[in-house]
Amino acid sequence: MNENKIIAGTLIAGLILTFLFIALGLKAQERIESVPYGDFEQWTVRYIKESALIGGKTKALYMVAESDTVYGTRYQRGDSPWSTGNALAQGLGVNKVSVSVTPEKRGEGYCCRMETRLDTVRAVGINLKVLATGSLYTGILADPVTLAHSSDPSSAINMGVPFTRRPKALMLDYKAQITDGQIIYANADTKVRKVAGRDKGQIVLILQHRWEENGHVYAYRVGTATEYISQSTSDWVNNHRVEVSYCDTSGDCDRPWHDLSNHRFKTRNSKGKMVLIEEVGWRGDLSPTHMVIQIQSGSQQPFTGCPGNIVWCDNIRLVYDE
């Protein structure tokens, strides 16, 4: 009887060790690749003088550094895949700079700092208030942003970059300061409007298979990785993973950003016109044509959020099976 127990125990221990070695071996087969300029060690800065009507200050407008090629495609203002919520706005002859994303020292290098801010602009004796969420994303922001974009902010962003691979996860380092403050809406008005709820930061990766017909841009959703940042962190959370789901309409697609009607991304079609990307369904079996990565200090609609929310990120990577 004792011999049988010893044999059984030895077999169980052997199986545990075998599974452990298999798991370690599978993990070792992963390949981790940096997203270009996702280490935030290089930034471009433009110094822009605002109009005298609103004070005439010179402000620094930060952009993530530029390069020669990104995924084989050239982009406006250089070839970095990244744009931010930082913008030069022009309207009625007035220049205004909005800055909610800045580089910040981290150890011997830099990271990306995104903050939800309520700016006050004083013009002709009137204080106008505008809320800006700190946002980092793959795509191209119009330069300048004009009054024509104010009623539809998504029309200022050509969202996403060409991309044809199938990562299993998005990986990054992040930390957060998430407050319990009041959510507000402020879009160049003298007053702010209170909004119910609690704001959160968010991490989003979307893979789409896009095509164009008669000027319309359609897309199948191929994969999604999403996570809300709902709590402050005491320090950096390193090598944080957000897994990519390649599910279809019969799968578990009820998480944030899995609802295909939940957003209004736009892109420039072959005729140069900004049009809505019309997602028509899920096709997790397809290869993507485009990738959207979006990291923000809030998760509300434009001009809506909680001032004081801050999200920092660094070392953005994609994880693949070997």
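Computed from a predicted model, the values in this text were never measured in an experiment.

What counts and how
- Every residue gets a number counted from 1 within its own chain, in the order that chain's sequence is written.
- Owing to the predicted nature of the model, reporting of local features is limited to residues with pLDDT of at least 70; listing and counting of side-chain atom pairs is limited to 80 or more, with chain, interface and lining totals taken over all residues.
- As a rule here, side-chain values come from all non-hydrogen atoms in the structure, and water together with hydrogens is ignored.
- A pocket, in this scheme, is an open set of points on a 1 Å grid over the protein atoms alone with protein on both sides within 12 Å along at least 5 of 7 lines, while a cavity is a set where a 1.4 Å probe fits but cannot get out; residues line either one if an atom lies within 4 Å of a point.
- Grid points are joined across faces, edges and corners, and a volume is the space filled by probe spheres set on the points.
- For the purposes of this entry, the term helix denotes a DSSP run of H or I that reaches at least four residues, the term strand denotes a run of E that reaches at least two, and both are numbered from the N terminus.
- The residue classification treats Ala, Val, Leu, Ile, Met, Phe, Trp, Tyr, Cys and Pro as nonpolar and Asp, Glu, Lys and Arg as charged. All others, Gly included, are polar.
- Here, two residues are considered to be in contact whenever any of their heavy atoms come within 4.5 Å of each other.
- Pairing between two strands requires that DSSP report at least two bridges joining them.
- Remark: nonpolar core denotes a set of buried residues (Ala, Val, Leu, Ile, Met, Phe, Trp, Tyr, Cys) joined through side-chain atoms within 4.5 Å.
- For the exposure calls, accessible area comes from a 1.4 Å probe over protein chains only, and a residue counts as buried if that area is under 20% of its type's maximum, exposed if over 50%, partly exposed in between.
- What pLDDT reports is the predictor's confidence in each residue, on a scale of 0 through 100.
- Here a Phe, Tyr or Trp ring, Trp counted by its six-membered ring, pairs with any other such ring whose centre lies within 6.5 Å, and the pair is stacked when the planes are under 30 degrees apart, edge-to-face when over 60, and tilted otherwise.
- Cation placement over rings: the criterion is NZ of Lys or CZ of Arg within 6 Å of the ring centroid and within 35° of the ring normal.
- Note on disulfides: each one is a pair of cysteine sulfur atoms within 2.5 Å.

A. View of the layout of surface pockets. Approximately 210 Å³ is the volume found for the second largest pocket. Along the wall of the second largest pocket there are 14 residues; nearest its centre are Glu 50, Lys 59, Lys 96, Asp 119 and Thr 120. The set of elements that each furnish at least two residues to the lining of the second largest pocket consists of strand 6 (94–98) and strand 9 (117–123). At five residues, the largest contribution of residues to the lining of the second largest pocket is made by strand 9. Split by residue class, the lining of the second largest pocket holds four nonpolar, three polar and seven charged.

B. Structural context of the side chain of Asn 158. The residue Asn 158 is located in strand 13 (residues 157–159) in this model. Contact partners of Asn 158, with chain neighbours within four places excluded, come to Gly 139, Ile 140, Lys 266, Thr 267, Arg 268 and Met 274.

C. Molecular detail of the sheet that holds strand 12 (residues 145–146). The three strands are arranged 6-5-12 in an open sheet whose pairing can be described as mixed. In the strand order of this sheet, the two ends are held by strand 6 and strand 12, each with one partner. Note that strand 5 (residues 87–91) and strand 6 share five bridges and pair antiparallel. The residue bridging Gln 90 from the neighbouring strand is Asn 95, located in strand 6.

D. Expanded view of the environment of Gly 160. By the element assignment, Gly 160 lies in the loop between strand 13 and strand 14 (161–162). When the C-alpha positions of Gly 160 and Ile 206 are compared, they lie 8.8 Å apart, and in sequence the two are 46 residues distant. Residues in contact with Gly 160, not counting those within four places in the same chain, are Thr 138, Gly 139, Arg 210, Met 291 and Val 292.

E. Looking closely at the nonpolar core. Counting residues in each nonpolar core, the largest one holds 33 residues, and the members touching the most others are Leu 136, Leu 205, Ile 295, Cys 313 and Ile 316. Taken together, the elements giving at least two residues each to this core come down to strand 8 (109–115), strand 15 (169–177), strand 19 (201–213), strand 20 (216–229), strand 24 (290–296) and strand 26 (310–321). In terms of residues, this core owes the most to one element, strand 26, which gives five residues. Sequence-distant contacts of Cys 313, that is, excluding residues within four places in its chain, are made with Phe 40, Cys 111, Cys 112, Met 114, Leu 136, Leu 172, Asp 173, Tyr 174, Trp 236 and Ile 295.

F. The side chain of Lys 266, seen in detail. Its place among the elements puts Lys 266 in strand 22 (residues 266–268). Once residues lying within four places of it in the same chain are set aside, the contact partners of Lys 266 are Asp 152, Ser 154, Ser 155, Ile 157, Asn 158, Met 159, Met 274, Val 275, Leu 276 and Ile 277.

G. Focus on the confidence of the model for the chain. Looking at the chain, the pLDDT average stands at 84 and 82% of residues meet or exceed 70. Long-range and interchain partners of residues 67–77, a stretch whose pLDDT sits below 50, account for 31 contacts in this model, where long-range means more than four residues apart.

H. Looking closely at the packing of aromatic side chains. If you walk through the whole model with that rule in mind, you get five aromatic pairs. Residues Phe 40 and Trp 43 carry aromatic rings whose centres are separated by 6.1 Å and whose planes lie at 35° to one another, so their mutual orientation is tilted. Accessibility classification places Phe 40 together with Trp 43 in one group, the buried group. Arg 165 extends its terminal NZ or CZ atom over the ring of Tyr 320, reaching a point 4.1 Å from the ring centre. One Lys or Arg, Arg 166, reaches over the ring of Tyr 246 and ends 4.2 Å from the middle of that ring.

I. Geometry of unusual backbone geometry. Cis geometry marks the peptide bond from Asp 143 to Pro 144, where omega comes out at 5°. When you line up the elements, Pro 144 lands in the loop between strand 11 (135–141) and strand 12. A positive phi angle, close to 55°, is found at Asn 239, a residue other than glycine. Tracing the sequence through the fold places Asn 239 in strand 21 (residues 237–243). In this structure, Asn 315 is a non-glycine residue whose phi angle is positive, near 50°. In this structure, Asn 315 sits in strand 26.

J. Up close: the sheet that holds strand 18 (residues 193–195). Across the sheet, which stays open at both edges, the three strands sit in the order 18-16-25 with antiparallel pairing between neighbours. The sheet is open, and its two borders are formed by strand 18 and strand 25 (304–305), each paired with just one other strand.

K. Representation of the state of the cysteines. The final tally for this structure, using the stated rule, is zero disulfides. We note that Cys 111 lacks a disulfide partner, and the nearest cysteine sulfur, in Cys 112, lies 7.3 Å from it. In this structure Cys 313 is a free cysteine whose sulfur lies 4.5 Å from that of Cys 112, the closest cysteine sulfur available.

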